[in-house]
Every structure is written in C-alpha cells, then in structure tokens.
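Take a look at the letters that make up each chain.
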Amino acid sequence: MSTAIERRPARERILDTARELFYAHGIHAVGVDRLIAESGVAKATLYKQFPSKDDVVAAYLRQMDDSWRRQLRSAALAAGEDPREQLFGLFVAMEQAARAGTLGCAFINAVAEYQPGSTAHAITAEHKSTVRAWVRDLAAAAGATDPDTLAYQLTLLIDGTLAATRVEHADVAAEAATRAARLLLDCACP
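Residues numbered from 1 in each chain as written. Predicted model: local features only at pLDDT ≥ 70, side-chain atom pairs only at ≥ 80, totals over all residues. Heavy atoms only, no water.

1. Quick look at the packing of aromatic side chains
For any two aromatic rings, the description comes down to two numbers: the centre-to-centre distance and the angle of the planes.
Part 1 of the reasoning: For the structure shown, the criterion picks out one aromatic pair.
Part 2 of the reasoning: A cation over an aromatic ring shows up here: Arg 182 above the ring of Phe 88, its NZ or CZ 3.7 Å from the ring centre. (Phe/Tyr/Trp six-rings, centres within 6.5 Å; stacked < 30°, edge-to-face > 60°. Lys NZ or Arg CZ within 6 Å of the ring centre and 35° of its normal.)

Right, here's the structure in full:
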C-alpha cells in the first residue's frame, strides 16, 4: 500500500474501496472481510466508522448520489444556457460515458439486491425522486407543456439507458437514447 493511501482517513479509504467494489461486483458479492483487506484498515476500524455493512452501503449510496447529481449538473451546464439544450446535454454526456465504459447505474444495481423497505431501497427512491424533480425544473424552464411528464419520460430514458449499458453495447444504447431524447424534447417543448 502506498504512503499516500495510508495517510488518507480510514473512513475515506473504506468508502473509496466500497465504491469501487460495490459498483464493479455488486454489494452482496463483496464481504466485509474484502472491504477490510482492500481498504487496508483493521476490522475494529471499519466497525468504528460503520457499525454494520448496511451503514457502509448507505454511505456509499449517498456518496454516489452526490457524485451523480454533480455529473448531471455539469453535463447540463456544459450544454449552455438554454434549459432545453441542458436537458439534451445529459444524453450527450451519457454517450461519452458509454464510450468510456460504464457499469450502469449504481442505484439500479443496488436496488436489484434489496427489498422495498430497506435503507438501500429508500436511498435509491429518494435519489431518483430528487433527480426527477431537478429534470422537471429544467423541463419547465425549457417551456415544456407538461414538465412532469417530460421529466418522467427523460429520467426513464436515462435509467433505461444506464440499465442497458450494463448488459450490452453501451454506445448503441446511449446513441439511441440521445435520438429519443431529441424527439421527446422537440414534441414537449414547442
């Protein structure tokens, strides 16, 4: 382990390791012992930071929520000042991510492993609702005749694209989503 890694706080090392492993392999496939070994912390240190694996999962999902919403905002802003183009910019950014390689949506991946009522499920539902509300606000600013419906359609398209990229041909799925988003925007924002 490098000294740069050793100097980082234990909580940060654990979460970085969890993000890498949970996203690549799934949450249930990664045991606490592997988290401990790969983050370079003692078992007591992990449990001091996180009383249970579910607490690690919750912190991981909250971290992914912050990261994903920053990425969405960045993609929207990169598309310019026009809210309609900002909405379209989300799909252009997804195409770029697909070409770089993606493992889908961390939230869809996580919720597939948990039952409704679990903390992971609740955090995922909150994340999806928050993103949809943000997209709804952009849709309203873009002049959509029905911003609620457009936001629902666009976020379903985003989620469907991310799910498809986990399975096959990420670049093809993202390109198709970009074309569909353009059609939706043209119809919804006269």
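There is more to say after this.
2. Side note on the confidence of the model for the protein
Part 1 of the reasoning: Mean pLDDT for the protein: 92, with 97% of residues reaching 70 or above.
Part 2 of the reasoning: By mean pLDDT, helix H1 (residues 3-7) is the weakest element of the protein at 56, and helix H8 (residues 119-141) is the strongest at 97. (pLDDT = per-residue confidence, 0-100. Helix = DSSP H or I, 4+ residues; strand = E, 2+ residues; numbered from the N terminus.)

3. Points about the packing of helix H6 (residues 83-100) against helix H9 (residues 147-167)
Helix packing for two helices is described by the angle between their axes and how far apart those axes are.
Part 1 of the reasoning: At a minimum axis separation of 11 Å, H6 and H9 run at an interaxial angle of 5°. In terms of their interaxial angle, H6 and H9 are classed as roughly parallel. Contacts between H6 and H9 involve Leu 87, Leu 90, Phe 91 and Met 94 on the former and, on the latter, Leu 154, Leu 157, Ile 158 and Thr 161.
Part 2 of the reasoning: Its residues assigned to classes, the contact of H6 with H9 comprises seven nonpolar, one polar and no charged. (Axes fitted to C-alpha atoms, helices over the stretch in contact; angles between N-to-C directions. Parallel < 35°, antiparallel > 145°, perpendicular 65-115°, else oblique. Contact = heavy atoms within 4.5 Å. Nonpolar A, V, L, I, M, F, W, Y, C, P; charged D, E, K, R; others polar.)

4. A look at the side chain of Glu 95
Part 1 of the reasoning: With respect to the helices and strands, Glu 95 occurs in helix H6.
Part 2 of the reasoning: The residues touching Glu 95, leaving out its near neighbours within four places in the chain, are Ala 174, Glu 175 and Thr 178.

5. Some details on the pattern of salt bridges
Part 1 of the reasoning: Counted by the stated rule, this structure contains 11 salt bridges.
Part 2 of the reasoning: Across the pair Glu 85 and Arg 182 runs a salt bridge whose closest N-O atoms are separated by 3.3 Å. Placement of the pair is Glu 85 in helix H6 and Arg 182 in helix H10 (residues 170-188), with a sequence separation of 97 residues.
Part 3 of the reasoning: For Arg 182, a relative accessible area of 25% gives the class partly exposed.
Part 4 of the reasoning: One connected set of salt bridges, linked through shared partners, spans Arg 8, Glu 12, Asp 16 and Arg 19. (Salt bridge = Lys/Arg side-chain N within 4 Å of Asp/Glu carboxyl O. Buried < 20%, exposed > 50% of the residue type's maximum accessible area, 1.4 Å probe, protein only.)

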